[in-house]
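Descriptive analysis of the structure
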Amino acid sequence: MATNWIIDSEQSDVLLKIKHSIIAYIAGTTNKFKGNVELKDDTIENASIEFSLDINNKETKLAPLDSPLQIDDFIETETYPVINFKSTSFQKVNKNINFLKGNLTVKNITKVIELDTEFLGYNYYNGVRKASFEVKGTINRKEFGLKTNAIFQKDGIMLGQDLQIEANLEFTA
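All of the points below concern the structure found in this document. It should be emphasised that the depicted structure is a prediction, and the values quoted were computed from it without experimental measurement. (Residues numbered from 1 in each chain as written. Predicted model: local features only at pLDDT ≥ 70, side-chain atom pairs only at ≥ 80, totals over all residues. Heavy atoms only, no water.)

Notes on empty space enclosed by the protein
Using the following cut-off: Both site types are read off a 1 Å grid over the protein atoms alone. A 1.4 Å probe that fits but cannot get out defines a cavity, while an open set with protein on both sides within 12 Å along at least five of seven lines defines a pocket; lining residues have an atom within 4 Å of a point. Grid points are joined across faces, edges and corners, and a volume is the space filled by probe spheres set on the points. Gly is placed with the polar residues, together with every amino acid not listed as nonpolar (Ala, Val, Leu, Ile, Met, Phe, Trp, Tyr, Cys and Pro) or charged (Asp, Glu, Lys and Arg).
Evaluation of the coordinates by the stated rule reveals three cavities of 30 Å³ or more. Of the pockets and cavities examined, the second largest cavity occupies roughly 40 Å³. In this structure, the second largest cavity is lined by L16, F51, L53, I83, L104, V106, I139, L163 and I165. Residue composition of the lining of the second largest cavity, by class: nine nonpolar, no polar and no charged.

Put into structure tokens, the structure is as follows:
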């Protein structure tokens, strides 16, 4: 019998990364989530995941370079402060290979994307059983109207063409 698990917003996060000068990544995390998954014998049966990222959060870091480059420099957070994802389907290839397909909206542009999904296993936190997942994908910044791959206007910094999305999601039964 499958168990329905609900996402724990307090323990889930999303990392946005973009290659920067080949040696560093720009990263920012936020955590507003809704969703659920069904697990049966440690495999995903159904998945419905939705998240809204408030990118005005400004909880960003740049390592190892010391630079004023921020998420706003390539996503324009004042005009478009929220990134949304809502899953439309879940495809299970085998026990270890799963794909989550959905609509990603950045700067009011919505595109269908596919994210690799991996079930990491169960753990206990304060006596509560949790199921953990890792979700990864890459989008082309140009498709969402994000700043181009030309030499960046801010301090001559070059940004990569792809924006990587990594989500660490925890669910409770």
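Here's the deal with the pairing of strand β4 (residues 32-40)
For clarity, the cut-off: Type-normalised accessible area, obtained with a 1.4 Å probe on protein chains alone, sets the label of each residue: buried when under 20%, exposed when over 50%, and partly exposed for intermediate values. In this text, helices come from DSSP runs of H or I with a minimum length of four residues, and strands from runs of E with a minimum of two, each type numbered from the N-terminal end. Any two strands are treated as partners once DSSP identifies two or more bridges connecting them.
What you see with β4 is a clean split: F33, G35, V37 and L39 sit on the buried side and K32, K34, N36, E38 and K40 on the side with no burial. Here four bridges tie strand β1 (residues 3-7) to β4, and the two strands are oriented antiparallel to one another. Across the sheet, residue T3 finds its bridge partner in β4, namely L39. Sheet topology note: the β4/strand β5 (residues 43-54) ladder contains nine bridges and is antiparallel. Bridge pairing in β5 links V37 to A47. Here β4 hands over to β5 after two residues, with D41 in that stretch at a positive phi of 55°.

Thoughts on unusual backbone geometry
Not every positive phi belongs to a glycine, and K107 is a case in point at roughly 55°. Even without being a glycine, N126 presents a positive backbone phi close to 50°. By the secondary structure assignment, N126 is in the loop between β9 (109-125) and β10 (128-140).

Examining the packing of aromatic side chains
Formally: For Phe, Tyr and Trp, where Trp contributes only its six-membered ring, two rings pair if their centres lie within 6.5 Å, and the inter-plane angle classes them as stacked under 30 degrees, edge-to-face over 60, or tilted in between.
One pass over the full model with this rule turns up five aromatic pairs. A ring pair is formed by F119 and Y122, whose centres lie 5.2 Å apart and whose planes are at 75°; its orientation type is edge-to-face. Seen in terms of ring centroids, F133 and F171 are 5.3 Å apart; in terms of plane orientation they differ by 85°. Their pairing is edge-to-face. Here F171 lies in strand β11 (residues 159-172) and F133 lies in strand β10, a separation of 38 residues in the sequence. Of the two residues, F133 and F171, neither departs from the other in class, the shared state being buried. Counting every residue linked through ring pairs, the aromatic cluster contains W5, F119, Y122, F133 and F171.

Examining the pairing of β9
Sheet topology places strand β8 (residues 98-106) next to β9; nine bridges connect them, and they run antiparallel. Bridge pairing links T105 to T110 in β9. What sits between the antiparallel neighbours β8 and β9 is a turn of two residues, in which K107 has the positive phi angle 55°. Sheet analysis places β9 next to β10, joined by nine bridges and oriented antiparallel. In the sheet register, Y122 faces β10, and the bridge partner there is A131. What sits between the antiparallel neighbours β9 and β10 is a turn of two residues, in which N126 has the positive phi angle 50°.

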